[in-house]
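Observations on the model geometry
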Amino acid sequence: MLKTELKHLKPQVHTFKEEMILNMGPQHPSTHGVLNFLVVTDGEVIHQALPNVGYLHRGIEKLAEQTPYTTFIPFTDRIDYLAAMFANHVYVLAVENLADIEVPERAQFLRVIACELNRIASHLISTGALALDIGASTPFVHWIRERECINDIMESICGARLTYSYMRVGGVSQDINEQIADDIYKFLDHFEPIIDEYNRLISFNEIFIKRLANVAIISPVDAVNFGLVGPNLRGSGIEMDIRRTISYSVYDQFDFNIPIGKGFKGSLGDCYDRYFVRVLEMTESCSIIRQALSQIPKGDIKAKVKRKLKIKENECYTCVESARGEMGMYLLSDGSDRPYRLKIKTGSFTAMSIVEKVSQGLMVADLIALIGSLDVVAPEIDR
Amino acid sequence: MKENANLLFLFLFKTPIKESEFSLAWYVLFVFLVAGVLLFFAANFAGITSFIERRIAARIQSRVGPNVVGPQGILQWVADGIKLLLKEDLVPDRADKFLFRAAPYFVFSGLFAAFVALPFGYGIVAADLNIGVYYIFAITSLVVVGIIMGGWSSNSKWALFGALRSAAQIISYEIPTALSLIPVIMLTGSLSTQDIIKAQGGMPWDWYLFHSPFTFVCFVIFFISALAEGNRIPFDLPEAESELVSGYNTEYSGFRFLIFPMAEWANLWVISAMVTLAYLGGWQVPFVAIETLSQSFLLIFLSAGVFVIKTSIVVFIIIQLRWTLPRVRVDQMTLVCWTYLVPFCLAAIIGTMIWMLIFPWETLAALLLRLIMSGIGLGFCFLYVQRVRFNYFNDKMAFENLKGKSLWYPFWRLP
Amino acid sequence: MNQYFNNICTTLYSIAEGMAVTASYLFRRPCTIQYPNKLEKPMEDQLSERYRGILQVDTRVCIGCRICEKTCPVDCIAISLEKDKETKERFLTRFDIDISKCMFCGLCSENCKTSAIYHTKFFNAVTQNVENLVVRFVDKPIALYKPPKGSDLKNTLKDLSGAIVNQKMKGRAL
């Protein structure tokens, strides 16, 4: 019964003579997690590529309805394992908005530092994995090495390397001390020259440029129409950053640029623009961390919040600029200690929608470059 | 071949061989002996290179690499081989079983037959064929037949993609490979691998690499197209592991799978030896004339050592290239071949012809030009070392601050 | 035509630049930590102070408030308390933590008033059987801790090495 009802939801493709259907994923090495693409090809040329999502659906939104507000934080880590801090951040911001909690300023600075470190870590994986998909394995391993330094810093800040659970409603769980601040400075001093070295190794390599430039061009109009967010949108030349437009937390106190795609090596909105915007964003994140560390005020790190938090009937939508673009949470409370409904909006899911349009006429190798440059993370697509 | 067999007989039994039935048996035995030695060399080289490549790749990537099996992990390749031997030999359902089983034999025989004409030192060559270079090109083309058979018969779309890419790649790159050796053949006047080496000298300015700008271009083209024929990055399209899962050998397992990587690493030697013998002076020992070279066994061994060292350096460069570069796309691969390599090759052939007429090898002007060419080459090497130093010192201070350890950790210091 | 030769030059130059980077790594220190055989210093020293490893309970200072049980998002903590009807004294009869369920979020240890439950630096929870990962901290009923009035509750001693968990899990695995 249910099967017949849901049949129309399965991707349907019609093939013509000389065409064949290629199932890419979910066990394919470069689909970045469990993702399936139904590819109709003529030889190596793609006629149609349909993304088939849902292999990693865990029902995190439903879990939220059964978990008290304060104890849902560890689940948000699992929405996007590469950038767990942003999911933490948007969730606590949503609860604070709903319950009218004032957060101490030091806690907000700590949140910014942690988020920007996490943004670097996430972009390291994203750019490195793109290089790996293109065939160069060394940049990826170098980036993993740098990410390990960030993981060490994160471990010393909050005790975990991947699923941080750092934020709390009304503040953060742990403060940073002189030692950790010093470690962060040392890391930044080491990391900034390494970005240049990385660019010499791979970003400015002609073969790499030839593989990415003028491939899978997303026009600014398309990028907006398909709801792309974050670096994918900025790669198409649209200057849109939640850190600037909404200016949540204390982002209005920092001076930073928003890198946008300019057709660095090819035309506007190609894979290379999306890739290189991420590389430039890492430098910007470094500068934000330096500013935050130098301006950080003294004070509490957590506001007084009841352990059993009850929020009267209300609703709110809160969003932050995650490493994969706008990550939003719509929270609906009904007076009990757990949300009535939580809806999560993520960047990877919207990025999947454009694959079908852009991939027509590409080659199989280009499709891999496209997926890599969109920086999709399978658990974030399916939640 | 026959002379060598006679020589060995004389060396072993101190009597010249008689023309009788016994001698025929001896020749057959000798052929098997040589084949066994070559096979032993090729198989061991493939295994050891796989280990060394993994260690070099590890150091390039700030890792340590396999260091558990045996002292410093040098038995890792034996362990890998034994593991693959013990694995089940799977044939996929609805595959073309005969072709699927036959494909590794083609790859194997195509590759190992090339070793017959490769020199290892002065007079150390299994068969000094008068069409040596031509023979090597012809016989290594057999590999692509095996690859296509394996990819087609696997009944997998990814394997088929790999096989067809391989066909396109090897057919197009046969042309620049052959064309870029023509200047060398013109300069030597022979296709025999031994003759090509004998025509060069021990010092860099006596190599064909620095003979003229045109041979230098040909060297670069030959190197690139040899990489493409050997399925190495940036041309490893047939088994692009991030695109085609594993390409033509996706469905293979066990010993049949082992043949493919083994052939690939053995091919590394073939490529490097070809580059060495054609452009880098082969086994020529510096400061030693060929006439004196044939006098003593010690010098012959020395020549073999020189050849192995030169080839190993080329192998190292190929390995380093693999861990530096990304992969080209399939249409770019053919584009590079037809729009860049082939026209340059043709121009270089004509250029070398004119150069040979204006500056014959023995003249003083030619020697001067060769010296200048070598100087320019040395200058490029110097610039390269400067860039390496720059990269090292770029990170030194910050790294030592961060980790509290010295950055200096050369590759000869084993972890 | 200019573009054609420019392409060749930039390609060769960029490849040489990349080669220079990779060559410099042959002289640079690898960053591998050779876990577990060739560690430079023991793993516990390499982990940070705040590392959230396997949970451990110091039952001597547990006051039986059950906050950890309530805050745990995955319900991996099970506590039973019993009251002696005569002496009115309360006993801890069960304190189980299912490590296979635990997601090391740190909410329980953060809310514990006496730091009775805390994260160790011990993380190697490999056993042959999943059931071995249920660690039972109470063998026989233990009287609940009564903190002296006005004392700093957080200032109790911790056995950070994780020896108790280690011992308990090893004992069960054997």
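What you see is a predicted model; the values in this text were computed from it and never measured.

Some remarks on the overall build of chain B
Each helix and strand counted, chain B has 14 helices and 2 strands in total. Over its C-alpha atoms, taken along the principal directions, chain B stretches across nearly 70 × 60 × 45 Å. By the burial criterion, 43% of the 415 residues in chain B qualify as buried.

With respect to the overall build of chain A
Scanning chain A from terminus to terminus reveals 16 helices and 8 strands. For chain A, whose C-alpha radius of gyration is 21 Å, the value lies close to the compact-globule estimate of 21 Å for 383 residues. Over its C-alpha atoms, taken along the principal directions, chain A stretches across nearly 70 × 60 × 35 Å. Intrachain contacts of chain A at a sequence separation of at least 6 include 72% that bridge at least 24 residues.

Notes on the packing of helix α10 (residues 254–279) of chain B against helix α12 (residues 297–322) of chain B
Residue and element names in this part refer to chain B. At a minimum axis separation of 8 Å, α10 and α12 run at an interaxial angle of 120°. The handedness of the crossing between α10 and α12 is right-handed. On α12, the residues touching L268, W269, I271, S272, A273, V275 and T276 of α10 are F307, K310, T311, V314, V315 and I318.

As for the sheet that holds strand β1 (residues 20–24) of chain A
Residue and element names in this part refer to chain A. The sheet built from 3 strands is open, its strands ordered β1-β2-β3 with antiparallel pairing. Edge positions in the open sheet fall to β1 and β3 (45–52), since each of these has one partner strand only. The sheet shows a mean angle of 20° between the axes of neighbouring strands, taken without regard to direction. By the bridge criterion, 5 bridges tie β1 to strand β2 (residues 36–42) in an arrangement that is antiparallel. In the strand pairing of β2, M20 is matched with T41.

Regarding the interface of chain A and chain C
Taken together, the contact pairs 23 residues of chain A with 23 residues of chain C. Listed by contribution, the elements that provide at least two residues to the side of chain A that touches chain C are α3 (73–77), α6 (138–158) and α7 (178–203) of chain A.

Side note on the interface of chain A and chain B
Taken together, the contact between chain A and chain B spans 33 residues of the former and 30 residues of the latter. At the level of elements, β1, α5 (105–134), α6, α7, α8 (206–212) and α15 (364–374) of chain A are the ones that each hand at least two residues to the side of chain A that touches chain B. The element contributing the most residues to the side of chain A that touches chain B is α7 of chain A, with 7 residues. When the residues that make up the side of chain A that touches chain B are grouped by side-chain class, the tally is 17 nonpolar, 8 polar and 8 charged.

Focus: the domain arrangement of chain B
In many reports, interface size means the accessible area that the parts give up when they come together. Each assigned domain of chain B is listed with its residue range as follows: domain 1 (1–83), domain 2 (87–358) and domain 3 (360–415). Computed from C-alpha atoms alone, the centre-to-centre distance between domain 1 of chain B and domain 3 of chain B is 33 Å.

Notes on the packing of α7 of chain A against helix α12 (residues 271–295) of chain A
Residue and element names in this part refer to chain A. It is at 11 Å that the axes of α7 and α12 come closest, and there the two elements cross at 160°. With respect to their mutual orientation, α7 and α12 come out roughly antiparallel. Crossing handedness for the pair α7 and α12: left-handed. Residues A181, I184, Y185, L188, F191, E192, I195, N199 and S203 of α7 touch α12, and the partners they reach there are F276, V279, M282, T283, C286, I289, R290 and L293. In the contact of α7 with α12, the residues fall into 12 nonpolar, 3 polar and 2 charged.

What about the sheet that holds strand β6 (residues 314–322) of chain A?
Residues and elements named next belong to chain A. With antiparallel pairing, the 3 strands of this open sheet are ordered in space as β6-β7-β8. Two strands in the sheet have a free side with no partner beyond their single neighbour: β6 and β8 (341–345). Taking each pair of neighbouring strands and ignoring which way they run, the sheet shows an average axis angle of 10°. Bridge analysis of strand β7 (residues 325–333) against β8 gives 5 bridges, and the strand direction is antiparallel. Pairing of Y330 across the sheet is with K343, part of β8. In the packing of helix α4 (residues 84–99) onto the sheet, contacts are made with β6 and β7, and the angle to β6 comes to roughly 150°.

Overview of the environment of S14 of chain C
Mapped onto the fold, S14 of chain C is located in helix α1 (residues 2–24). Not counting residues up to four positions away in its chain, the partners in contact with S14 of chain C are F204, N205 and E206 of chain A.

So, the nonpolar core
One finds V90 and L370 of chain A together with V107, A266, V275 and A278 of chain B to be the most contacted residues of the largest nonpolar core, which totals 226 residues. The element best represented in this core is α10 of chain B, accounting for 18 residues. Structurally, this core is a two-domain feature, drawing no fewer than three residues from each of domain 1 (1–83) and domain 2 (87–358) of chain B.

Digging into the pairing of β6 of chain A
Residue and element names in this part refer to chain A. Where β6 and β7 come together, 9 bridges link them in antiparallel fashion. Of the residues in β7, the one forming a bridge with C319 is G328. Between the antiparallel neighbours β6 and β7 lie 2 residues.

A closer look at unusual backbone geometry
Cis geometry is found at the peptide bond from Y35 of chain C to P36 of chain C, where omega equals -5°. One can find P36 of chain C in the loop between α1 and α2 (43–46). At S165 of chain A, a residue that is not glycine, the phi angle is positive and equals roughly 50°. By the secondary structure assignment, S165 of chain A is in the loop between α6 and β4 (167–168). Residue classification places S165 of chain A among the buried positions, given that 25 C-beta atoms sit within 10 Å. Backbone geometry at S249 of chain A places phi at a positive 50°, although glycine is not the residue there. By the element assignment, S249 of chain A lies in the loop between α11 (242–245) and α12.

Looking at the environment of E313 of chain A
All names here are of chain A. For E313, the location among the structural elements is in the loop between α12 and β6. Residue E313 is classed as exposed on the basis of its 10 C-beta neighbours within 10 Å. The spatial distance from the C-alpha of E313 to the C-alpha of Y340 is 9.2 Å, given a sequence separation of 27 residues. Excluding residues that lie within four positions of it along the chain, E313 makes contacts with S333, D334 and G335.

Comments concerning α7 of chain A
For α7 of chain A, built from 26 residues, the straight-helix expectation of 38 Å at 1.5 Å per residue is met to within 8% by its first-to-last C-alpha distance of 35 Å. Turning to α7 of chain A, its buried residues are I184, F187, L188, F191, Y198, L201, I202 and S203 of chain A. Buried residues belonging to α7 of chain A abut α5, α6, α8 and α12 of chain A, α14 (364–403) of chain B together with α1 of chain C.

So, the confidence of the model for chain B
Residues and elements named next belong to chain B. The share of residues in chain B with pLDDT of 70 or more is 98%, and the mean pLDDT across the chain is 85. Least confident of the elements in chain B is helix α1 (residues 2–13), whose mean pLDDT is 71; most confident is helix α3 (residues 76–86), at 90. Here the complex is predicted with pTM 0.87, and the ipTM for its interfaces comes to 0.86.

Structural notes on helix α4 (residues 97–113) of chain B
A rise of 1.5 Å per residue sets the reference length of α4 of chain B, with its 17 residues, at 24 Å; its end C-alpha atoms lie 25 Å apart and thus fit the reference within 8%. Listing the buried residues of α4 of chain B in full gives F100, A103, P104, F106, V107, F108, G110, L111 and F112 of chain B.

How each quantity is defined
- Residues numbered from 1 in each chain as written.
- Chains lettered and ligands numbered in written order.
- Predicted model: local features only at pLDDT ≥ 70, side-chain atom pairs only at ≥ 80, totals over all residues.
- Helix = DSSP H or I, 4+ residues; strand = E, 2+ residues; numbered from the N terminus.
- Buried ≥ 20, exposed ≤ 12 C-beta atoms within 10 Å, placed from the backbone.
- Rg over C-alpha atoms; globule rule 2.2 N^0.38 Å.
- Contact = placed C-beta atoms within 7 Å.
- Axes fitted to C-alpha atoms, helices over the stretch in contact; angles between N-to-C directions.
- Left-handed = near helix turned anticlockwise from the far one by under 90°.
- Pairing = 2+ DSSP bridges.
- Nonpolar A, V, L, I, M, F, W, Y, C, P; charged D, E, K, R; others polar.
- Domains from an automatic or database assignment.
- Parallel < 35°, antiparallel > 145°, perpendicular 65-115°, else oblique.
- Core = buried A, V, L, I, M, F, W, Y, C linked by C-beta atoms within 7 Å.
- Expected span 1.5 Å × (residues − 1).
- pLDDT = per-residue confidence, 0-100.

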